[in-house]
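Architecture and fold: a report
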Amino acid sequence: MSEERRPLISGNWKMHLNHFEALKLVQELTYLVSRDDVDAVDVSVHPPFTDIRTVQTSLEADKIPFFLGAQHCHFEEKGAFTGEVAPSMLAKLGVSYVIVGHSERREVFGETDAMINAKVRAVLANEMTPILCVGETLDEREAGEAESKVTGQIQSGLAKVKADQVASMVIAYEPIWAIGTGKTASAEDAQAMCESVRNVVRDLHGSAADAVRVQYGGSVKPTNAKELMSQPDIDGALVGGASLEAESFASIVQYRLHQI
Ligand code: PGA
């Protein structure tokens, strides 16, 4: 981890937890995560849309220094898009980070690279930070295509985004075969792919690559967080399953205190 890049540990709650359960989890986390922890690491929580207002109120009322996140948004500002949520609506709720192009959005909901690029730009236009997700399937990895897949996703995801905006962003490398499967990329493989992500950004936008934060995601757990986070090009973690339980998420946030 470079000294200039602050680590970001993000909890992606996916379609789990109603707003009562979300509130309980946030309150449990506040007992477990200390001021020293949030001085060392940025923490974001990404509840389902129906929980965001409840979580926002709790974070503000109790002065909890976690960033509020969302998992998704539309790219248009308003209109006849039944079921969708505009980026400006999230900004108004105090959302700081929006996950864009998660593999589940790409695979289950057919989001294309063009849609994901439009979302990245819409999130930035609303002064929030996109967490752009990229990653390969097992077949692509076994065919030796992991780097080319991820390179293409970054090139299209960042199209028409200015260098200073790219510098402010987060890119999450999440190998699809590691998401929710309990299989984690080895620290060496995760580092190699995150370095390759940074190199693609360097080719596109020069020194923005030194500032962009690259997260690893895919079965991050308390037992592997420190080794992953110790890699020079891994600046954070996007955590799914292990973020749904206060003790495991708090332990990942406290990775720096672990023995490897
Ligand atoms: P996981 O999910 O930690 O449950 O593998 C990660 C993600 O989908 O962001």
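To keep things clear, this report deals only with the structure shown in the data block. All values derive from a computational prediction rather than experimental measurement. (Residues numbered from 1 in each chain as written. Predicted model: local features only at pLDDT ≥ 70, side-chain atom pairs only at ≥ 80, totals over all residues. Heavy atoms only, no water.)

**Details of helix α10 (residues 187-205)**
With 19 residues, α10 extends 26 Å from end C-alpha to end C-alpha; this agrees with the ideal 27 Å at 1.5 Å per step. By the burial criterion, the buried members of α10 are Ala187, Ala190, Gln191, Met193, Cys194, Ser196, Val197, Arg198, Val200 and Val201. Just downstream of α10, glycine 206 is the residue with a positive phi angle, here 55°. (Helix = DSSP H or I, 4+ residues; strand = E, 2+ residues; numbered from the N terminus. Expected span 1.5 Å × (residues − 1). Buried < 20%, exposed > 50% of the residue type's maximum accessible area, 1.4 Å probe, protein only.)

**Examining the packing of helix α8 (residues 146-157) against α10**
The interhelical angle for the contact between α8 and α10, taken along N-to-C directions, is 40°, at an axis separation of 10 Å. Looking at the two axes, α8 sits oblique to α10. Read as a crossing pair, α8 and α10 show a hand that is right-handed. Contact residues: Ala146, Glu147, Val150, Thr151, Ile154 and Gln155 in α8; Met193, Ser196, Val197, Val200, Val201 and Leu204 in α10. Residues that form the contact of α8 with α10 fall into these classes: eight nonpolar, three polar and one charged. (Axes fitted to C-alpha atoms, helices over the stretch in contact; angles between N-to-C directions. Parallel < 35°, antiparallel > 145°, perpendicular 65-115°, else oblique. Left-handed = near helix turned anticlockwise from the far one by under 90°. Contact = heavy atoms within 4.5 Å. Nonpolar A, V, L, I, M, F, W, Y, C, P; charged D, E, K, R; others polar.)

**Remarks on the pattern of salt bridges**
On inspection of all chains with the given rule, the structure shows 15 salt bridges. The salt bridge partner of aspartate 37 is arginine 256, with a shortest N-O separation of 3.0 Å. In this pair, aspartate 37 sits in helix α2 (residues 35-40) while arginine 256 sits in the segment after α13 (246-253), placing the two residues 219 residues apart along the sequence. Under the relative-accessibility criterion, arginine 256 is labelled partly exposed at 30%. Among the charged side chains, a salt-bridge network with shared partners connects Arg5, Arg198, Asp233 and Asp235. (Salt bridge = Lys/Arg side-chain N within 4 Å of Asp/Glu carboxyl O.)

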